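Commentary on secondary and tertiary structure
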Amino acid sequence: MTKNEFLDVMGEIDGKLIESTLDISRMETVEIPYERPPVFRYIFGAAACVVAVFVTALAVRHFNGIATQPLDSTSENYSFSESESVSTTGSDSSDDSDISDSSSESTEAPEPDFIRGWDPEDYLSNGLHENIALGESLTLSTAELDGIKVALILHDITKLPGEEYSENGLDYTNYYGAKDIVLYIIDDKGRKCLQEYVTPLRNDGMQFIHQNCFIGESTRLFKTESDDGEHYVLMQIADYSEENDAPIATFYDVNMVSDRLDENGISGYGLIEYYIRGTGRVGGWRFGYQASGDFCHSGGTTFTDPVYNYNISICPNTDKAYVISADIPLQDKNADFSELNITGWDPDTLPFNTYPEVGESAVVSRAELDGLQAELIMINVIKRPGERHYIYSQDDYLDMWVADDICLYIKDDNGRRILSHLNTPLTTGFAKFMPEECLFVGSTKIFSVERDGVSDYVIMQYCTIDEDSGTLNAAFVSGDTELYDLTAPKDENGITIGGGLLPLTPRGTITSSSDGSLVILEDGSLYDREKNNTIIFCE
Amino acid sequence: MEDEEIIALLEGRSESAIAELSKKYGRLCGSVAQKILGDFAETEQCLNDTYYQVWNSIPPARPSSLSAFAAAVTRNIALMQLRRRQAEKRGGGDGALSFDELDEYVSGGRSVESEAERKELVKAINGFLYKLPELKRQLFIRRYWGCCGIRELAERFGMSESNVTVTLTRVRKKLKEYLKRRGFEV
């Protein structure tokens, strides 16, 4: 293990350990001063500014009163402080005294932390149902193990299977619809918890669950054993792939119970979801399998990721237990493919669209020359130029494309395929930025150059702009696919992703070009006649 | 606003969730990022990425502690950002983040290859940390999760720097033995 890997592993430790260490309630006194840059370049959205000023003002007021080491009055320091206290400082304690006095005299049950408005206990005994009516609330599936009881409850059914209904291109005919689809858990100590949003399909007013989720035991409990003791795992079949005739399960750790209670003494949450790879994957996101653990319960079942055909099995393991394992059949298809190299999308199936909508992925620019193709790909557009995004709201980003990923995809007529991130200067860990001016029909070019008898294919992609001169700058990479290390790791589609792209400074005479707009000037610089632009190599 | 309400806003895909998250945990996350990055502009960028990742993670994730969740996301993004910067500048790290003391502790060899193995390793480390006495746990987590410098830890806990160093050395040694007994090659 390397130091970085150790630090990465440390980054995944239990949230409770972090919370207790940061010890928010007792307030940290460490201050980390920073020097604000001479010009306040980064302007948050107006709302964020107001919030920052408000929070800062309140924090100063609060900490000057109680913190052992008050913040600097300029309050331009970050500290391990946060807003639990900040949010309460807005109210004057003297104003609250009457309220607290009157409540202390009351002998009624303590005030709930939040109001749910309905009690799942009312719908536990409905049993199996043949004639379900709209507006009913009922339990459709239950499980019990070692005193832990679980019920899947549909609260206020709004649609029954068989009724035609579609939305956003999805056909919900075979689905139940309800205002809430929840898991209600009572543990062996009598503590109650309710997990909302059990199914992945929902809109503002309705949640959906496929009728085939209720074939057999759709709710199950397992017990895991490890050095840390016993853990109970709850499995719920929460979705179903009609295409693959495969149920899709969600797994939860049931050991966490919140102390925030509703009016019925039920905690608002209490389950930690295990991520199953293949669900909700976008761009570079990776969700890991919960792929091991001994399960002391009977009933082996296999679930399939309908998109990537991964099998997730719960199957007998030798003498005592059951093991969840992940089987990735795509390994057979691409010998070099490993679980760690999942791109999550296939560039060959993306549509060509030079102006994709937010949330869309598309090939936004392409060029072809002598059977060699180059495509610029945007994955999950976060914002388009001119739009102010509520997260990437700074003025610097206003005229930019922001996407989860921006990649260059190269393929030749011999079937060689290479995919690599395009490192635009404003690349961050989770978003890629590209100036508006750099994306147009022809912003990707392929040309061949010859010098001293040596010829090269060059792929060029505009990627930055010099704000002062307006000059577009480009990245150049080699289009000679034989130079690429095709033994580098491949993704699930068999595309080489591990080798990166080979930077190349074009020199010599242009012998052919994908769009004929390029010339090399006498001083050796490259000139785009169409854009009236001398191109500077973008390192 | 309560965490539950912020989570509900995130689940309802309400953009105001970000403003509320920033309002409640922006300072905490900023502190975590600033400690690692030491640069205001990069910290701001890191916070943007944090909000974006939290937005993309919830749902389906439903953390029991939103503060810890957001802080962990920030910490991991900041580290990633720092490594990218260090790779570009070759050795741009500062003393607090060089973690030279880990050189003797980690083998530098075989990586944790599978996701399952990694999860088991994290679980084992959790178990170890929960069993540690309070002070040692605080020191260890602040150093290797929060990336605090030795001097800062010494000041915070009223200890000498050498005392902090010795304590951390012992905890590292214990952890290594603990993991080795469980079949992990650190």
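Fair warning: this is a prediction, and the values are worked out from it, not measured in the lab.

1. Section: the overall build of chain A
- Of the regular secondary structure elements, chain A holds six helices and 30 strands.
- Excluding contacts between residues fewer than 6 apart, the proportion of contacts in chain A whose partners are at least 24 apart in sequence is 57%.
- When the accessible area of chain A is evaluated, it comes to approximately 25,000 Å², of which 47% is carbon and sulfur surface.

2. Some remarks on the overall build of chain B
- When helices and strands are counted, chain B shows eight helices and zero strands.
- Per-residue burial for chain B yields a buried fraction of 58% across its 186 residues.
- Restricting the contact set of chain B to residue pairs at least 6 apart, pairs at least 24 apart contribute 63%.
- Total accessible area on chain B stands at roughly 7,400 Å², and carbon and sulfur atoms take up 49% of it.

3. Some details on the pairing of strand β26 (residues 472-478) of chain A
Residues and elements named next belong to chain A.
- Where burial is concerned, most of β26 is hidden: seven out of the seven residues are buried.
- Where burial is concerned, the two faces of β26 agree: the one with Leu472, Ala474, Phe476 and Ser478 and the one with Asn473, Ala475 and Val477 are both buried.
- One ladder, built from seven bridges, connects strand β25 (residues 454-465) with β26; its direction is antiparallel. When the sheet's bridge partners are listed, Thr464 is paired in β26 with Asn473.
- Linking β25 to β26, which pair antiparallel, is a turn of six residues; within it Gly470 sits at a positive phi near 80°.

4. Notes on the environment of Glu111(A)
All names here are of chain A.
- Structurally, the position occupied by Glu111 is in the loop between α5 (93-105) and β3 (138-145).
- Residue classification places Glu111 among the exposed positions, given a relative accessible area of 70%.
- Taking C-alpha positions, Glu111 is 7.6 Å from Glu263, a pair spaced 152 residues apart along the chain.

5. With respect to a negative patch on the surface
Residue and element names in this part refer to chain A.
- A contiguous patch of negative charge, built from Asp399, Glu436, Glu437, Glu467 and Asp468, is present on the exposed surface.
- Inspection of the secondary structure puts Glu467 in the loop between β25 and β26.
- With a relative accessible area of 65%, Glu467 lands in the exposed category.

6. Here's the deal with the packing of aromatic side chains
Residues and elements named next belong to chain A.
- Under the counting rule described, the total for this entry stands at twelve aromatic pairs over all chains.
- With 5.3 Å between their ring centres and 80° between their planes, Tyr172 and Tyr175 make a pair best called edge-to-face. For the residue pair Tyr172 and Tyr175, the accessibility class agrees, reading buried in each case.
- Plain terms: the ring middles of Tyr355 and Trp401 are 5.2 Å apart, the flat faces sit at 75° to each other, and that makes the pair edge-to-face.

7. What about the pattern of salt bridges?
Residue and element names in this part refer to chain A.
- Following the criterion strictly, the structure yields 19 salt bridges over all chains and no others.
- A salt bridge links Lys189 to Asp188, with the nearest nitrogen and oxygen atoms 3.9 Å apart.
- A relative accessible area of 63% means that Lys189 is categorised as exposed.
- Accessibility expressed as a relative area gives 47% for Asp188, which makes it partly exposed.
- Measuring nitrogen to oxygen at the nearest pair gives 3.4 Å for the salt bridge that ties Asp528 to Lys445.

8. Digging into helix α8 (residues 161-181) of chain B
Residues and elements named next belong to chain B.
- Relative to the 30 Å expected for 21 residues at 1.5 Å per residue, α8 spans 30 Å between its end C-alpha atoms, a close match to the ideal helical length.
- By the burial criterion, the buried members of α8 are Val164, Thr167, Leu168, Val171, Arg172, Leu175, Tyr178 and Leu179. Projected down its long axis, α8 carries its buried residues within an arc of 140°, all on one side. α8 presents Arg170, Lys173, Lys180 and Arg181 as exposed residues on the side facing more than 90 degrees away from its buried surface.

9. Quick notes on the nonpolar core
- If you look at the biggest cluster of nonpolar residues, it comprises 76 residues, and the most contacted ones within it are Phe6(A) and Leu129(B).
- Excluding anything up to four places from it in sequence, Leu129(B) contacts Met10(A), Ile13(A), Leu17(A), Arg137(B), Phe140(B) and Ile141(B).
- Leu422(A), Cys438(A), Ile459(A) and Leu501(A) belong to the second largest nonpolar core, which has 39 residues in total.

10. A look at unusual backbone geometry
Residues and elements named next belong to chain A.
- Non-glycine residue Asp146 carries a positive phi angle of around 50°.
- Since its relative accessible area comes to 40%, Asp146 is described here as partly exposed.
- With a phi close to 50°, Asp370 is a non-glycine residue in the positive phi region.

11. Topic: helix α1 (residues 3-11) of chain B
- Within α1(B), the full set of buried residues consists of Asp3(B), Glu4(B), Ile6(B), Ile7(B), Leu10(B) and Glu11(B). Projected onto a plane normal to the axis of α1(B), the buried residues spread over an arc of 160° and lie on a single side.

12. Some words on the side chain of Lys35(B)
- Positionally, Lys35(B) belongs in helix α2 (residues 16-37).
- Within the structure, the side chain of Lys35(B) is placed 2.5 Å from the side chain of Glu152(B), a separation counted as a polar contact.

13. Details of the environment of Trp345(A)
- Tracing the backbone through its elements, the reader meets Trp345(A) in the loop between α6 (330-333) and β19 (362-369).
- Taking the C-alpha atoms as reference points, Trp345(A) and Asn493(A), separated by 148 residues in sequence, lie 8.3 Å from one another.

14. What to know about the confidence of the model for chain A
Residue and element names in this part refer to chain A.
- Of all residues in chain A, 60% have pLDDT values of 70 or greater, and the mean over the chain is 67.
- The secondary structure element of chain A with the lowest average pLDDT is helix α4 (residues 83-89), at 25, and the one with the highest is β19, at 93.
- Under a pLDDT of 50 for its full length, residues 24-107 has, in the predicted model, 122 contacts with residues more than four places off or in other chains.
- Below pLDDT 50 for its whole length, residues 274-339 participates in 176 contacts with residues either more than four positions away or in separate chains.

15. Points about the packing of helix α6 (residues 134-144) of chain B against α8(B)
Residues and elements named next belong to chain B.
- Between α6 and α8, the shortest axis-to-axis distance is 10 Å and the interhelical angle comes to 90°. With respect to α8, the axis of α6 lies roughly perpendicular. Contacts between α6 and α8 pair Lys136, Leu139, Phe140, Arg143 and Tyr144 from the former with Val164, Thr167, Leu168, Val171, Arg172 and Leu175 from the latter.
- Among the residues making up the contact of α6 with α8, the classes are represented as seven nonpolar, one polar and three charged.

16. Quick word on the confidence of the model for chain B
Residues and elements named next belong to chain B.
- Taken residue by residue, chain B gives an average pLDDT of 80. The fraction at 70 or more is 88%.
- This model gives residues 90-96 a pLDDT under 50, and the stretch forms six contacts once residues within four places in sequence are excluded.
- Interface scoring of the predicted complex returns ipTM 0.84; its pTM is 0.45.

17. A word on the side chain of Gln461(A)
All names here are of chain A.
- In this structure, Gln461 sits in strand β25.
- A polar side-chain atom of Gln461 sits 3.3 Å from the main-chain carbonyl oxygen of Ser443.
- Excluding anything up to four places from it in sequence, Gln461 contacts Leu376, Leu408, Leu422, Met434, Cys438, Ser443, Thr444, Asn473, Ala474 and Ala475.

18. Section: the environment of Leu502(A)
Residues and elements named next belong to chain A.
- If you trace the backbone, Leu502 turns up in the loop between β26 and β27 (509-513).
- Here the alpha-carbon distance between Leu502 and Leu483, two residues 19 residues apart in the chain, equals 8.4 Å.
- Those residues in contact with Leu502 that sit more than four places away from it in its chain are Phe476, Val477, Ser478, Leu483 and Tyr484.

Parameters and conventions
Residues numbered from 1 in each chain as written. Chains lettered and ligands numbered in written order. Predicted model: local features only at pLDDT ≥ 70, side-chain atom pairs only at ≥ 80, totals over all residues. Heavy atoms only, no water. Helix = DSSP H or I, 4+ residues; strand = E, 2+ residues; numbered from the N terminus. Contact = heavy atoms within 4.5 Å. Areas by Shrake-Rupley, 256 points an atom, 1.4 Å probe, with all protein chains shown as cover. Buried < 20%, exposed > 50% of the residue type's maximum accessible area, 1.4 Å probe, protein only. Pairing = 2+ DSSP bridges. Patch = residues over 30% accessible without salt bridge, like charges linked within 9 Å, V, L, I, M, F, W, Y side chains within 5 Å. Salt bridge = Lys/Arg side-chain N within 4 Å of Asp/Glu carboxyl O. Lys, Arg positive; Asp, Glu negative; His and termini not counted. Charge placed at Lys NZ, Arg CZ, Asp CG, Glu CD. Phe/Tyr/Trp six-rings, centres within 6.5 Å; stacked < 30°, edge-to-face > 60°. Expected span 1.5 Å × (residues − 1). Arc of directions from axis to C-beta. Core = buried A, V, L, I, M, F, W, Y, C linked by side-chain atoms within 4.5 Å. Polar contact = N/O pair within 3.5 Å; in protein donor to acceptor, adjacent residues only side chain to side chain. pLDDT = per-residue confidence, 0-100. Axes fitted to C-alpha atoms, helices over the stretch in contact; angles between N-to-C directions. Parallel < 35°, antiparallel > 145°, perpendicular 65-115°, else oblique. Nonpolar A, V, L, I, M, F, W, Y, C, P; charged D, E, K, R; others polar.

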